[in-house]
Amino acid sequence: MKKLQLFTLLFSLTLAASAQNNFLLYSFKGNVSVVENNVESKAKVGKPLASTATVKVAAGGAVTLICNEAAMFTFTKAGTYALNKFGDSCRVSSSSVSANYVKYVWASMTKPTGSAGSNRKAYMNTVGAVSRSINNIWIDPRLDTLNYPGGGPEFPLSWKSYSDAKDFDFSLYSSDNISTAIHSTSVNKLKIPIGDIANKMKQGNSYFWTASVKGEENDELKIINYVTKETYAAVLDAIKKQGAAFEAPAEQAYRIGFMLEDAHYLSEAYTYYTKAATLDTANALYRSTLMSFKKDYEIK
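Summarised in this report is the structure supplied together with it. (Residues numbered from 1 in each chain as written. Predicted model: local features only at pLDDT ≥ 70, side-chain atom pairs only at ≥ 80, totals over all residues. Heavy atoms only, no water.)

1. Some words on helix α5 (residues 266-279)
One turn of an α-helix holds 3.6 residues; hence residues three or four places apart share an orientation.
Line of reasoning, step 1. Here α5 contains 14 residues, and its C-alpha end-to-end distance of 20 Å stays within 8% of the 20 Å for a straight helix at 1.5 Å per residue.
Line of reasoning, step 2. Every buried residue of α5 is accounted for by L266, S267, E268, A269, Y270, Y272, Y273, A276 and A277.
Line of reasoning, step 3. For α5, the secondary structure elements touched by its buried residues are β10 (145-148), α3 (229-240), α4 (249-262) and α6 (284-296). (Helix = DSSP H or I, 4+ residues; strand = E, 2+ residues; numbered from the N terminus. Expected span 1.5 Å × (residues − 1). Buried < 20%, exposed > 50% of the residue type's maximum accessible area, 1.4 Å probe, protein only. Contact = heavy atoms within 4.5 Å.)

Structure (structure tokens):
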């Protein structure tokens, strides 16, 4: 029995020792290269790496890797790094980078199935509830709550209609009185720019809004928090501080966009997704995410 237990223990240790970590090149700057099977090539964002690979970092360079879907670590000093020696770095620790975001990037850059960037919500914490109201209007749960600091690019409040109606009523309510609208208007589109109602709200206050086929009613209310500039600045600062030890500008912009969207700062997320796609025009994930975001929120 003792021999069997010893054999089982040794076998388990052998399996653990032979288990290989997988890596993904997340971001880099300067002269960084990768050696695989004795072949050296230039670093590329999104490149999968086996544990047998070696990463070379020249003076002034830096590279951040994702390991086993959830852990992230950075080489900031010049040198040659054999990845099979960094198993400890693959453990998920107290890294400030959102584990959900790291998992999302890994999944998006390593799995070819589906449209890249379209599955963002599956990795976000704040997904809206499914509507249960019965009427001719459907408002996407993504718009259940919108944090709006004013300014920024124009952002629409949008909906879909199950009827062939051409005209719609939009209503805005204060948070302390949902029986009487503080602003109502009729539109002939399935959206209204939030900038059109900004002057009806005061920063620091919360509001409800809804849309209905003209002449009908809709009791499904969505929230707008018209936050102060100071509140948004504090949120943005906290998000910026959650980055890896090194992030290139494009990767930083993309991460900030993802986290702002998760925090319901949708107009501001759009700004950062656009910035990421502009900074790295060759990155298919950044480009497709921007297109998916615009489609999700009816941005033309």
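Structure shown, so let's carry the discussion forward.
2. Looking at the nonpolar core
Line of reasoning, step 1. Grouped together as the largest cluster of nonpolar side chains are 61 residues, with contacts concentrated most on F155, W159, I197, W209, I224, L260 and F293.
Line of reasoning, step 2. In this view, I197 contacts L157, F170, L172, H183, I192 and I224; residues no more than four positions away in its chain are not counted.
Line of reasoning, step 3. Listed in part, the 17 residues of the second largest apolar core include F23, V32, V34 and A43. (Core = buried A, V, L, I, M, F, W, Y, C linked by side-chain atoms within 4.5 Å.)

3. Quick notes on the packing of aromatic side chains
Line of reasoning, step 1. Evaluation of the coordinates by the stated rule reveals 22 aromatic pairs.
Line of reasoning, step 2. Between the aromatic rings of F73 and F86, the centroid separation amounts to 6.3 Å while the plane-to-plane angle is 15°, which identifies the pairing as stacked. On the criterion of sequence distance, the pair formed by F73 in strand β7 (residues 71-75) and F86 in the loop between β8 (79-82) and α2 (99-110) is long-range, its members being 13 residues apart.
Line of reasoning, step 3. Note on F73: relative accessible area 11%, which makes it buried.
Line of reasoning, step 4. An angle of 55° between the planes, with centres 5.6 Å apart, marks the rings of Y254 and Y273 as tilted. Of the two residues, Y254 sits in helix α4 while Y273 sits in helix α5, which places them 19 residues apart along the sequence. Taken as a pair, Y254 and Y273 share a single burial class, namely buried. (Phe/Tyr/Trp six-rings, centres within 6.5 Å; stacked < 30°, edge-to-face > 60°.)

4. Quick look at α3
Line of reasoning, step 1. Counted at 1.5 Å a residue, the expected span for α3 with its twelve residues is 16 Å, and the 16 Å between its end C-alpha atoms agrees.
Line of reasoning, step 2. If you check which residues of α3 are buried, you get Y232, L236 and I239. Projected onto a plane normal to the axis of α3, the buried residues spread over an arc of 60° and lie on a single side.
Line of reasoning, step 3. In this structure, the buried residues of α3 make contact with α4 and α5. (Arc of directions from axis to C-beta.)

5. A word on the state of the cysteines
Line of reasoning, step 1. Summed over all chains, the structure comprises one disulfide.
Line of reasoning, step 2. C67 shares a disulfide with C90; S-S distance 1.8 Å. With the S-S dihedral at roughly 90°, the linkage between C67 and C90 falls on the right-handed side. Remark: C90 occurs in the loop between β8 and α2 and C67 occurs in strand β6 (residues 62-67); sequence separation between them is 23 residues. For the pair C67 and C90, one class covers both residues: buried. (Disulfide = S-S within 2.5 Å.)

6. Observations concerning the sheet that holds strand β1 (residues 22-29)
Line of reasoning, step 1. If you trace the four strands from one edge of the open sheet to the other, you get β4-β1-β6-β7, paired in antiparallel fashion. Across the chains shown, the open sheet's two edge strands, defined by having one partner strand only, are β4 (48-50) and β7. Each neighbouring strand pair of the sheet contributes to a mean axis angle of 35°, computed without reference to strand direction.
Line of reasoning, step 2. Where β6 meets β7, five bridges bridge the pair, whose relative direction is antiparallel. Opposite T64, over in β7, you have T74 as the bridge partner.
Line of reasoning, step 3. Contacting β1, β6 and β7, α2 crosses the sheet at an angle of about 100° to β1. (Pairing = 2+ DSSP bridges. Axes fitted to C-alpha atoms, helices over the stretch in contact; angles between N-to-C directions.)

7. A short note on unusual backbone geometry
Line of reasoning, step 1. The residue H264 is not glycine, and still its phi comes out positive at about 70°.
Line of reasoning, step 2. Note that H264 resides in the loop between α4 and α5.
Line of reasoning, step 3. Judged by relative accessible area, H264 falls into the buried class, the value being 11%.

8. Considering the pattern of salt bridges
Line of reasoning, step 1. The final tally for this structure, using the stated rule, is 13 salt bridges.
Line of reasoning, step 2. Note that K56 is salt-bridged to E40, the shortest N-O span being 3.4 Å. Here E40 lies in strand β3 (residues 39-42) and K56 lies in strand β5 (residues 54-57), a separation of 16 residues in the sequence.
Line of reasoning, step 3. Overall, the relative accessible area of 30% leaves K56 in the partly exposed class.
Line of reasoning, step 4. Close ionic contact of D144 with K222 constitutes a salt bridge, the shortest N to O distance being 2.3 Å. Of this pair, D144 sits in the loop between β9 (137-138) and β10 while K222 sits in strand β17 (residues 222-226), placing them 78 residues apart in sequence. Like K222, D144 is buried.
Line of reasoning, step 5. Connected via shared salt-bridge partners are R120, D140, R142, E261 and D296. (Salt bridge = Lys/Arg side-chain N within 4 Å of Asp/Glu carboxyl O.)

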